[in-house]
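Spelled out, the chains give:
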Amino acid sequence: MKIIRKISEVKKIQSNKEIALIPTMGAIHSGHLSLIEKAKENGSFNIVSIFVNPIQFANKDEYKNYPSNINSDIEILKKLKVDAIFVPQIKEMYPKGFSTNINIGPIGNVLEGKFRPGHFSGVATIITKLFSIIRPDHAYFGQKDAQQCMVIKKLNNELNLGVKIFITPTIRDNNGIAISSRNKNLNESQLKAAESLFKSLCLGKKLFDKGIKNSKYIKNEMEKLILKSEVAKIDYISIANFNNLEEIDEITPPTLISLAAWFGETRLIDNILLK
Ligand code: PAF
């Protein structure tokens, strides 16, 4: 496995296969592994980027505390026989005076964008940089970050970046909790309480499947379920049009039910798609 640390070294990659990029912020977990597996199935030359992108964190402490263990990441990725990893330096990605940022428009300002101002501008900027540096044919993202996937698809289309975007299903633990680097920060009782997120999404889907279309009613039932635990604090429960993320009163698929909640100091997100 080639370890590339400098942007100029990326140009030296020679492969007659298509290039796949799996962008990550490290702390590699089973969610990332499923992205890598999918890329392998497609038979491409697979590059995993590891870069904790400072400009996508609205909160400095969250950035400082973001889990990072580059040596163990390298070992895991070697075992997975990834072809190359790209581990750029902050100084090279954002040299002094760097000021460009990409504004994705309204879908970047709702839900996660509302609670984490600037987040999607940071994501869109780093993804544009990674696509420009690596020039991948394919790129892989997880459905857990549904809004991020929508932002990246829009960016890719509207700026004609020409990358084929693959979205892979959310990976969950045995209790339904969506796998995330942040889960490591939960203690036992918070982990137990966090199970309510996926349970409430399933409840939302079940009510819809039974014929209930009223978003307010469904959101209320979901909220009651999550707040059975005193540990949970909800940022939002959203029922929105899957194409533009505008909130809807009556469900007409495709609809995204998504939510974010705090368990102690840890904020988790999750979603389910109604087709
Ligand atoms: O989902 C993530 O890990 C990050 O937002 C991404 C896509 C690697 C951009 O920094």
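As shown above, the structure is provided for reference.
In this text the structure is predicted, and so the values were computed from the model without any measurement.

Reading guide: rules and limits
- Residues numbered from 1 in each chain as written.
- Predicted model: local features only at pLDDT ≥ 70, side-chain atom pairs only at ≥ 80, totals over all residues.
- Heavy atoms only, no water.
- Pairing = 2+ DSSP bridges.
- Helix = DSSP H or I, 4+ residues; strand = E, 2+ residues; numbered from the N terminus.
- Axes fitted to C-alpha atoms, helices over the stretch in contact; angles between N-to-C directions.
- Contact = heavy atoms within 4.5 Å.
- Near = heavy atom within 4 Å.
- Polar contact = N/O pair within 3.5 Å; in protein donor to acceptor, adjacent residues only side chain to side chain.
- Nonpolar A, V, L, I, M, F, W, Y, C, P; charged D, E, K, R; others polar.
- Phe/Tyr/Trp six-rings, centres within 6.5 Å; stacked < 30°, edge-to-face > 60°.
- Lys NZ or Arg CZ within 6 Å of the ring centre and 35° of its normal.
- Parallel < 35°, antiparallel > 145°, perpendicular 65-115°, else oblique.
- Left-handed = near helix turned anticlockwise from the far one by under 90°.
- Salt bridge = Lys/Arg side-chain N within 4 Å of Asp/Glu carboxyl O.
- Buried < 20%, exposed > 50% of the residue type's maximum accessible area, 1.4 Å probe, protein only.
- Core = buried A, V, L, I, M, F, W, Y, C linked by side-chain atoms within 4.5 Å.
- Arc of directions from axis to C-beta.

Quick question: what am I supposed to make of the sheet that holds strand E5 (residues 138–142) here?
Whenever strands of a sheet pair, they do so through backbone hydrogen bonds, lying parallel or antiparallel. On the basis of which strands lie adjacent, the open sheet formed by 6 strands has the order E1-E4-E3-E2-E5-E6 and parallel pairing. Edge positions in the open sheet fall to strand E1 (2–4) and strand E6 (164–168), since each of these has one partner strand only. For this sheet, the mean inter-axis angle between neighbouring strands, taken without regard to orientation, is 25 degrees. Pairing of strand E3 (residues 45–50) with strand E4 (residues 84–86) involves 3 bridges; the strand directions are parallel. Counterpart to Ser49 in the pairing with E4 is Phe86. Sheet strands touched by helix H8 (residues 146–158): E5 and E6. Its angle to E6, the strand with the most contacts, is close to 170 degrees.

Where do I start with the site of the ligand in this structure?
Taken together, Pro23, Thr24, Met25, Asn53, Gln56, Ile126 and Gln148 are the residues near the ligand. The separation between an oxygen atom of the ligand and a polar side-chain atom of Gln56 is 2.6 Å. Within the side chain of Gln148, a nitrogen or oxygen atom sits 2.7 Å from an oxygen atom of the ligand. Of the residues belonging to the shell around the ligand, the class tally is 3 nonpolar, 4 polar and no charged.

Mind showing me how you'd approach the packing of aromatic side chains here?
The relation between two aromatic rings is expressed through the spacing of the ring centres and the mutual angle of the planes. Counted by the stated rule, this structure contains 6 aromatic pairs. The ring centre of Phe198 lies 3.6 Å from the NZ or CZ of Arg172, which sits over that ring.

Even after reading the chapter, I still don't get the packing of helix H7 (residues 119–134) against H8, so can you show me in this structure?
When two helices pack together, their arrangement is given by the angle between the helix axes and by the axis-to-axis distance. Viewed as axis vectors pointing N to C, H7 and H8 meet at an angle of 50 degrees, and their least axial separation amounts to 10 Å. Classified by the interaxial angle, the pair formed by H7 and H8 is oblique. Between H7 and H8 lies a crossing of right-handed hand. Contacts between H7 and H8 involve Phe120, Val123, Ala124, Ile127, Thr128 and Phe131 from the first element and Gln147, Gln148, Val151, Ile152, Leu155 and Asn156 from the second. Of the residues contributing to the contact of H7 with H8, the split by class is 8 nonpolar, 4 polar and no charged.

Help me understand the pattern of salt bridges, please; the structure alone is not making it clear to me.
Once their charged atoms are close, side chains differing in charge can pair, the charge on each being opposite to the other. On inspection of all chains with the given rule, the structure shows 15 salt bridges. In this structure, the salt-bridge partner of Lys219 is Glu247, at a minimum N-O distance of 3.2 Å. Within this pair, whereas Lys219 is found in helix H10 (residues 215–226), its partner Glu247 is found in the loop between strand E7 (232–241) and strand E8 (255–263), the two being separated by 28 residues in sequence. We note a salt bridge from Asp235 to Arg267, for which the minimum N-O separation is 2.7 Å. On the criterion of sequence distance, the pair formed by Asp235 in strand E7 and Arg267 in strand E9 (residues 266–274) is long-range, its members being 32 residues apart. The exposure class assigned to Arg267 is buried, which follows from its relative accessible area of 13%. A single network of salt bridges, built from pairs that share partners, joins Glu62, Arg116 and Arg182.

Would you mind showing me how to read the nonpolar core here?
If you look at soluble globular proteins, the nonpolar side chains tend to sit buried side by side. Counting residues in each nonpolar core, the largest one holds 42 residues, and the members touching the most others are Ile47, Phe86, Met93, Ile127, Phe131, Ile134 and Phe141. Looking at this core, the element that brings in the most residues is H7, giving 9 residues. Within the second largest apolar cluster, 23 residues are counted, among which are Leu207, Phe208, Ile237 and Ile257.

For this particular structure, what's the right way to read the environment of Ala20?
The topology assignment puts Ala20 in strand E2 (residues 19–24). Classification of Ala20 by relative accessible area gives buried; the value is 0%. Filtering out sequence-adjacent residues up to four positions away, Ala20 remains in contact with Ala39, Ser44, Phe45, Asn46, Ile47, His138 and Tyr140.

Would you explain the side chain of Asn46 in this entry?
By the element assignment, Asn46 lies in strand E3. The buried category is assigned to Asn46, whose relative accessible area is 3%.

Just checking my understanding: could you explain helix H4 (residues 70–79) for this structure?
For H4, the set of buried residues is Asp73, Ile74 and Leu77. On an axial view of H4, the arc spanned by its buried residues comes to 100 degrees, and they lie on one face. Those residues of H4 that are exposed and angled more than 90 degrees off the buried face are Asn71 and Lys79. On the buried face of H4, the contacting elements are E1, helix H2 (30–41), E3 and E4. Lys81 sits one or two positions beyond H4 and adopts a positive phi of about 60 degrees.

Without other data, these values stay purely geometric and don't point to any function.
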